[in-house]
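Notes for the structure review
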Amino acid sequence: MKTIKVNIVTPDGPVNASEADMVIASTETGEIGILPGHIAMVAPLQIGALRLKKDNTTTNIAIHGGFIEVRPDVVTVLAQHAELASDIDLARAERAAKRAEQELQAKTDKLDAQLVQLDLKRAINRINVHKMK
Ligand code: ATP
């Protein structure tokens, strides 16, 4: 069976380099499934999960914004932050979510509120991806 190469890179360095049978990504216009031989494209990514399916296992990765570049034989994800589910510190993400919720309730000014909303989204994404099977 054909596979597709996947490279995930952040400003801190590579997070994962592997081969997948299928890649599922959360783009800003919705979830897409990418198989080997997919047409070339570039799309912005949401804060969400990247799922790499290989044989009967799925590797889940929390992706915090960025871009996906697809070519027929390779997928490259450039993200500000990305963590493999197994590397996510659940307690830290839960603390971050709680802190953000408290800050939002404290009614900070509009600009801060937007940043705190993003903190909350990242924390919830980490919690969700950590729990994915
Ligand atoms: P916190 O408030 O918990 O410190 P943060 O919102 O400041 O989180 P980010 O700015 O999104 O965190 O990320 C900073 C760095 O910390 C990145 O390298 C990211 O991968 C890592 N990181 C953040 N939260 C977690 C987590 N729960 N588990 C593993 N790595 C994390």
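Remember, it's a predicted structure, so these values are computed and weren't measured experimentally.

1. Digging into the nonpolar core
If you look at the biggest cluster of nonpolar residues, it comprises 20 residues, and the most contacted ones within it are Val23, Leu50, Ile63, Ile68 and Val77. Mapped by element, the contributors of at least two residues to this core are β1 (4–10), β3 (22–27), β5 (41–54), β6 (57–64), β7 (67–71), β8 (74–78) and β9 (81–84). The greatest single-element share of this core, amounting to 4 residues, is contributed by β5. Other than its neighbours up to four places away in sequence, Ile68 contacts Ala25, Ile34, Met41, Val42, Ala43, Leu45, Val75, Thr76 and Val77. Ala93, Ala97, Ala100 and Ala123 belong to the second-largest nonpolar core, a separate cluster that totals 7 residues.

2. Regarding the pattern of salt bridges
The final tally for this structure, using the stated rule, is 4 salt bridges. The shortest N-O distance in the salt bridge between Lys54 and Asp55 comes to 3.5 Å. For Asp55, a relative accessible area of 61% corresponds to the exposed category. Ionic pairing is found between Asp119 and Arg122, a salt bridge with its closest N-O pair at 2.7 Å. A residue pair is termed a helical-turn pair when its members lie 3 or 4 positions apart in one helix, as Asp119 and Arg122 do in helix α2 (residues 110–131) at 3 residues. With relative accessibility at 31%, the residue Asp119 sits in the partly exposed group.

Scoring rules and cut-offs
- Residues numbered from 1 in each chain as written.
- Predicted model: local features only at pLDDT ≥ 70, side-chain atom pairs only at ≥ 80, totals over all residues.
- Heavy atoms only, no water.
- Core = buried A, V, L, I, M, F, W, Y, C linked by side-chain atoms within 4.5 Å.
- Buried < 20%, exposed > 50% of the residue type's maximum accessible area, 1.4 Å probe, protein only.
- Helix = DSSP H or I, 4+ residues; strand = E, 2+ residues; numbered from the N terminus.
- Contact = heavy atoms within 4.5 Å.
- Salt bridge = Lys/Arg side-chain N within 4 Å of Asp/Glu carboxyl O.

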